[in-house]
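# Structural description and commentary
Listed below are the residues making up each chain.
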Amino acid sequence: MKIAIGADHAGFRLKERLVWSLESRDHEVEDLGTFSEDDVDYPEIAVAVAEVVKEDAATRGVLICGTGVGMAIAANKIAGIRAATCNDLYTARMARAHNNANILAVGSRVVGPQLAEEIARTFMATEWEEGRHKPRVKKIHDLE
Ligand code: RB5
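In this text, all values refer to a predicted model and were calculated from it rather than measured experimentally.

### Points about the sheet that holds strand β4 (residues 83-85)
Pairing is parallel in the open sheet, where 5 strands are placed in the order β2-β1-β3-β5-β4. Of all strands in the sheet, those bounded by a partner on one side alone are β2 (28-31) and β4. Neighbour to neighbour, the strand axes of the sheet diverge by 25° on average, direction disregarded. Sheet analysis places strand β3 (residues 59-65) next to strand β5 (residues 103-107), joined by 5 bridges and oriented parallel. Following the sheet pairing, Gly-61 is matched in β5 by Ile-103. Relative to the sheet, helix α1 (residues 12-23) contacts β1 (2-7), β2, β3 and β5, its axis offset from that of β1 by approximately 165°. Packed on one face of the sheet, helix α5 (residues 113-125) meets β1, β3 and β5 and runs near 165° to β5.

### Re the packing of α1 against α5
Two numbers describe how α1 lies on α5: the axes approach to 10 Å, and their chain directions differ by 50°. Here α1 lies oblique to α5, going by the angle between them. Seen along the crossing, α1 lies across α5 with a hand that is right-handed. Contact with α1, carried on its side by Leu-14, Arg-17, Leu-18, Trp-20, Ser-21 and Leu-22, involves Pro-113, Gln-114, Ala-116, Glu-117, Ala-120 and Met-124 of α5 and no other residues of that element. Of the residues contributing to the contact of α1 with α5, the split by class is 8 nonpolar, 2 polar and 2 charged.

Parameters and conventions
Residues numbered from 1 in each chain as written. Predicted model: local features only at pLDDT ≥ 70, side-chain atom pairs only at ≥ 80, totals over all residues. Heavy atoms only, no water. Pairing = 2+ DSSP bridges. Helix = DSSP H or I, 4+ residues; strand = E, 2+ residues; numbered from the N terminus. Axes fitted to C-alpha atoms, helices over the stretch in contact; angles between N-to-C directions. Contact = heavy atoms within 4.5 Å. Parallel < 35°, antiparallel > 145°, perpendicular 65-115°, else oblique. Left-handed = near helix turned anticlockwise from the far one by under 90°. Nonpolar A, V, L, I, M, F, W, Y, C, P; charged D, E, K, R; others polar.

Below, the structure written as structure tokens:
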């Protein structure tokens, strides 16, 4: 699977870990930064990843900041994006199965690296159930 990934300074270290983890599972990862722990404003990274995901429906996104909240709020401003903050495995599975989320947002100050890896793995492996969820997701996009 193609995955666009990005983080702010708070998420930089976890991003490096997730790039390695996802690539080792044969995902094709596009790293859109940031590339150090110098301060950067998370909306800029969120939009960069969201634009890539918006352009190519086959691509999923991963965004990391301190909580995963700011990244999701910013990414969801882009039409076609369904970003979900998932700091546990159940939410990661449901965000895919029910909401067809196309971007995973994770909080580096909330979860440890091992759990973050499992969250990302779960998010990538779970298919949308469609069915009764399809008209609901359509109603979200009708709001755009
Ligand atoms: C940066 O200090 C922090 O505000 C950011 O990483 C993120 O948690 C925002 O939602």
